[in-house]
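Below are the chains, spelled out letter by letter.
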Amino acid sequence: MFLKSSFSCKAAVLLMVIFLILSLLVGCNGDTEGDATSNEAALENGEVETPKEPVIVILEGGDAGFPSPFGHLPRMRGTVMKYVFDSLLEPDEDQCIPWLAEKWEISEDGKTHDITIREGVKWHDGEKMTANDVVFSFQYYLEHPPVFIGEVITQSGYIQEIEAVNDYQVKIVTSEPNSTFYCEAGMLRIIPEHIWKDVDDPYGFTDEGSVIGCGPFILTDYSKEHGTYRYEAFEDYWGPKQRVDVIEMVPVSDEILAFEGGDISIARITTDLLGRFENNEEFFILESPALAGTMISFNMNKNDLFKKKEFRQAFTYSIDKEDIIQKIQRGAAKPGSPGILPIDHQWYNSNLQKYDYNPEKALELLKEAGVEGSLSFELLVSEGAEVRVGELLKEQLAKVNIDLTVVAVDNQSRDARANEGNYEIAILSMGAWGLDADYLRTRYYSELEEGAGGSATGILGSDQGYVNPEVDRLCEDQLKETDREKRKQIIYNLQEVLAEDCPEIPLYNNYYIYVFRPDEYDGWTFMFDHAVMTHAKLSFLEK
C-alpha cells in the first residue's frame, strides 16, 4: 500500500473518536441494541461518511538539486521544480496546451505575441498572480538565466518589447519570426515578482519564498543529504484538481525490489522481467513512446569517401537493425528512421526512402561510389551497450568488405574526442529525440554555402563536414514559419532529403516499460516529447 504510517494512525484515531461518540450516545438513551442496529443500517446505506484515505504516490528519487528554477540539476528534466512552478503552456500527450496562458495569438508577420493570462491564479502564499509576474519573470530570466531557457529567448535583441497591457494581458514583440519561440517561452516557469524582485543572487536563494509557486503542489520537505522530496496538493490551485494528495521522492538501491516491496508506486522494467508481472491482475504494464536512441555519425572532414551519398547509403543498407534491436535491446526498441525523427515523434514522416537490410544492394552502391577492394575504419564507442552494438556492426559490415576497428573509451573521453573532431565514425546513445523538430537544424544546417567553410555538426556537436544547400533552405524555412501545419509540411520535406542523404544513421529508438498497481493509482500519462511518465505533471491531475 502507498499509505504511510502517519496517515494510517490519523485514520485510526478518527475512527476511535467516532466509536466513542457513538458509545456515549448509546449510553445516554440506554437502547444499546436498537441504536447499534440503526447505526449499522446507516453505514450500509452510506448515510455516515467514512474518512477518505489520502492518495500518496512515492517515486524513485535521489537528489536532483534544490527545486527552484535556478537550483535544480538538469537531470529528471527539472521535475522536482515543475510540480511547484507553472508555466504559460504545458505539454500533454499531443502538443503544448494552454496553461497559465488562456489564449496566445501571433500576428501575421510572426513577431507580435498577444497572451491572455488566466484569471483567479494564486501563489502558494495567497497573493494574486497577474501579467506583471509574467513580464517580471521574462525580464528577470534575461538577467539571471535559469537552468532551462530556450536559446532564442536569450539571443541578444531578440525580445524587443515585453509589457503588461493590463492585469491579464501580456504583449511581446520580437525582432523576427521564430517557430520555436512559442513553446520555448511557454515552458518558462513563472515566478512571483513580490518575492524575487529583491533577490540579487537567485542561484544561492533557498529561503522559504524561493519555492513559492502557483503550481498544483507545495513543497513541504526537501533533504539534499537524503535525496528526498515531499509535495502536498495546493488547495487553492486554479487548474485541474489534483488526483493525488501527496507526492514523495525517495532514493532506492533496486527499483524492482522497491516496487515489489511497496516502497515505490511505479517501476521501469526490462523485457526479461515481464514474466514477473504479466497475466497478473494486480499489475498493469505500459510502454512509453520510443524517444531515446542510438545512432552512427560520420566525420566527413576525416575522409572524403564519407562525403559521397552512395557510400553512406551503402553503409545503411549493410546494417541489420532488427538484429541489433533483438540482441541489444531485447526487442524493446523501434528501428531508427533514415529521416532522423523517430517513429514516435509527433512529426515523423512515414513516407521515406527505405533501407531494408540488403548487403547485395550495398555492394552495388559501394561500386558506384568508386570503392574497389576492402575498406577499414575506426569506430569510436563509449562503454556499455555501445560496445556490443559496435561488435555487431563489425560483423555485419564485414559482409560488404568493410572492416571496423571498435575503439571503446569512457563517456568523458568519447565526448572529448567528439568535441575535437577526433574520430572517423562514432556511435552515440542519447535521449531527447522527441523534442521540437528544430533539432534537425541544429545538427544539419551548415550556416554557410558549400565551399565557404561551413558545415553541420551532427549529433556529436563538432564540425561534421556535412553540407547540403537544400537542407539549409528547409532548415531556414521551418524556423521562420509560425503556421503549425505549414511548418509541419516543411519538416516532412526535410526528413525526405535527410533520408535520401543519410548524413547520420539512427540505429534504433528504445522505449521504456513501466509496471504499476492500478488499484492504488492509475493516472499515469506521457508528454508528447518525453517518455518518462513520472516527469509528467499531468500524471497527477484530473484529465
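Computed from a predicted model, the values in this text were never measured in an experiment. Note on numbering: residues in each chain are counted from 1, in written sequence order. Totals for whole chains, interfaces and linings use all residues, but because this is a predicted model, local features are given only for residues with pLDDT of at least 70 and pairs of side-chain atoms are given and counted only at 80 or more. In computing side-chain properties, one takes all heavy atoms of the structure into account and sets aside hydrogens as well as water.

**A look at the overall build of the protein**
Piece 1. Looking only at helices and strands, the protein has 16 helices and 19 strands in total.
Piece 2. Think of it in three bands: with a 1.4 Å probe and only protein chains considered, a residue is buried below 20% of the maximum accessible area for its type, exposed above 50%, and partly exposed in between. In the protein, which comprises 543 residues, the proportion classed as buried is 51%.
Piece 3. What makes two residues a contact is simply this: any of their non-hydrogen atoms within 4.5 Å. Within the protein, counting contacts between residues at least 6 apart in sequence, those at least 24 apart form 71% of the total. Here a strand is any run of E in DSSP of at least two residues, a helix any run of H or I of at least four, and the numbering for each starts at the N terminus.

**Digging into the sheet that holds strand S19 (residues 513-516)**
Piece 1. We call two strands paired when DSSP finds no fewer than two bridges between them. With antiparallel pairing, 3 strands are arranged side by side in an open sheet as S11-S19-S12. Each of the sheet's edge strands pairs with one partner strand only, and the pair in question is strand S11 (266-269) and strand S12 (284-287). Strand-to-strand, the axes of this sheet are offset by a mean angle of 30 degrees, without reference to chain direction.
Piece 2. As paired strands, S11 and S19 are joined by 4 bridges and run antiparallel to one another. For Ile266, the partnering residue across the bridge sits in S19 and is Phe516. All axes here are fitted lines through C-alpha atoms, helices being fitted over the stretch that makes contact, and every angle between N-to-C directions spans 0 to 180 degrees.

**Side note on helix H10 (residues 321-328)**
Piece 1. Burial in H10 covers these residues: Lys321, Ile324, Ile325 and Ile328. Seen end-on, H10 carries its buried residues on one side only, within an arc spanning 100 degrees.
Piece 2. Contacts from the buried residues of H10 go to strand S14 (333-335), helix H12 (385-398) and strand S18 (504-510).
Piece 3. Sitting at the head of H10, Asp320 places a side-chain oxygen 3.4 Å from the backbone nitrogen of Glu322.
Piece 4. The first or second residue beyond H10 is Arg330, which carries a positive phi of 50 degrees. The directions considered for the arc are those from the helix axis to the C-beta atoms. Polar contact is the term for a pair of N or O atoms within 3.5 Å; when the atoms are in protein, one must be able to donate a hydrogen and the other to accept it, and sequence-neighboring residues count only if both atoms are side-chain atoms.

**Concerning the packing of aromatic side chains**
Piece 1. Only rings of Phe, Tyr and Trp enter the pairing, Trp through its six-membered ring, and a pair is recorded when the two centres are within 6.5 Å. The plane angle decides the type: under 30 degrees is stacked, over 60 is edge-to-face, the rest tilted. Applying the stated criterion across every chain yields a total of 33 aromatic pairs.
Piece 2. Aromatic side chains Phe70 and Tyr141 sit 5.7 Å apart centroid to centroid with 55 degrees between the ring planes, which places their arrangement in the tilted category. Of this pair, Phe70 sits in the loop between strand S1 (56-60) and helix H3 (79-82) while Tyr141 sits in helix H4 (residues 131-143); the two residues are 71 residues apart in sequence, bridging distant segments of the chain.
Piece 3. Exposure remark for Tyr141: the relative accessible area of 1% places this residue in the buried category.

**Some details on the confidence of the model for the protein**
Piece 1. Residue-level pLDDT values for the protein average 89, and 88% of them are 70 or greater.
Piece 2. Confidence of the prediction at every residue is given by pLDDT, a number between 0 and 100. Low pLDDT, under 50, characterises residues 1-34; the stretch is placed with 25 contacts to residues that sit more than four places away or in other chains.
Piece 3. Note that pLDDT drops below 50 for residues 449-453; the model gives that stretch 3 contacts with residues more than four away or on any other chain.

**Section: the sheet that holds strand S15 (residues 375-381)**
Piece 1. Spatial ordering of the open sheet is given by S14-S18-S13-S17-S15-S16, a layout of 6 strands whose pairing is mixed. Across the chains shown, the open sheet's two edge strands, defined by having one partner strand only, are S14 and strand S16 (402-408). With strand direction ignored, the average angle separating the axes of adjacent strands in the sheet is 25 degrees.
Piece 2. Contacts from H10 reach S14 and S18, with the element oriented near 40 degrees to S18.

**Section: the nonpolar core**
Piece 1. Membership of the largest hydrophobic core comes to 72 residues, with the highest contact counts inside it found for Leu88 and Phe540.
Piece 2. A total of 7 residues in this core trace back to one element, the largest contributor, which is H4.
Piece 3. Leaving out residues up to four positions away in the same chain, Phe540 has contacts with Val57, Leu59, Tyr83, Phe217, Gln242, Arg243, Val244, Ile247, Tyr521, Trp524 and Thr534.
Piece 4. Buried Ala, Val, Leu, Ile, Met, Phe, Trp, Tyr and Cys residues form a nonpolar core when they are joined through side-chain atoms within 4.5 Å. Ile324, Ile402, Leu498 and Cys502 belong to the second largest nonpolar core, which has 56 residues in total.

**Structural notes on a negative patch on the surface**
Piece 1. To count toward a patch, a residue needs a relative accessible area above 30% and no salt bridge. Like charges then connect within 9 Å, nonpolar side chains (Val, Leu, Ile, Met, Phe, Trp, Tyr) within 5 Å. Computed with the Shrake-Rupley method and a 1.4 Å probe, the accessible areas treat only the protein chains shown as cover for residues. Definition used for salt bridges: Asp or Glu carboxyl oxygen within 4 Å of a side-chain nitrogen of Lys or Arg. Working convention for charge: Lys and Arg count positive, Asp and Glu count negative, and His plus the chain ends are omitted. Taken as the charge location is NZ of Lys, CZ of Arg, CG of Asp or CD of Glu. A contiguous patch of negative charge on the surface is contributed by Glu143, Asp198, Asp200 and Asp201.
Piece 2. Locating Asp201 in the fold gives a position in the loop between helix H7 (193-196) and strand S8 (217-223).
Piece 3. A relative accessible area of 45% means that Asp201 is categorised as partly exposed.

**Section: helix H13 (residues 411-420)**
Piece 1. Residues Arg414, Arg417 and Ala418 constitute the buried set of H13. The buried residues of H13 all sit within an arc of 105 degrees when viewed along its axis, so they share a single face. Of the residues in H13, the exposed ones pointing more than 90 degrees away from the buried face are Gln412, Asn419 and Glu420.
Piece 2. Looking at the buried residues of H13, the elements they touch are S15, H12, S16 and strand S17 (425-430).
Piece 3. The N-cap of H13, judged by a side-chain oxygen 3.1 Å from the amide nitrogen of Gln412 a few residues on, is Asp410.
Piece 4. Phi turns positive one or two residues past the end of H13, at Gly421, with a value near 70 degrees.

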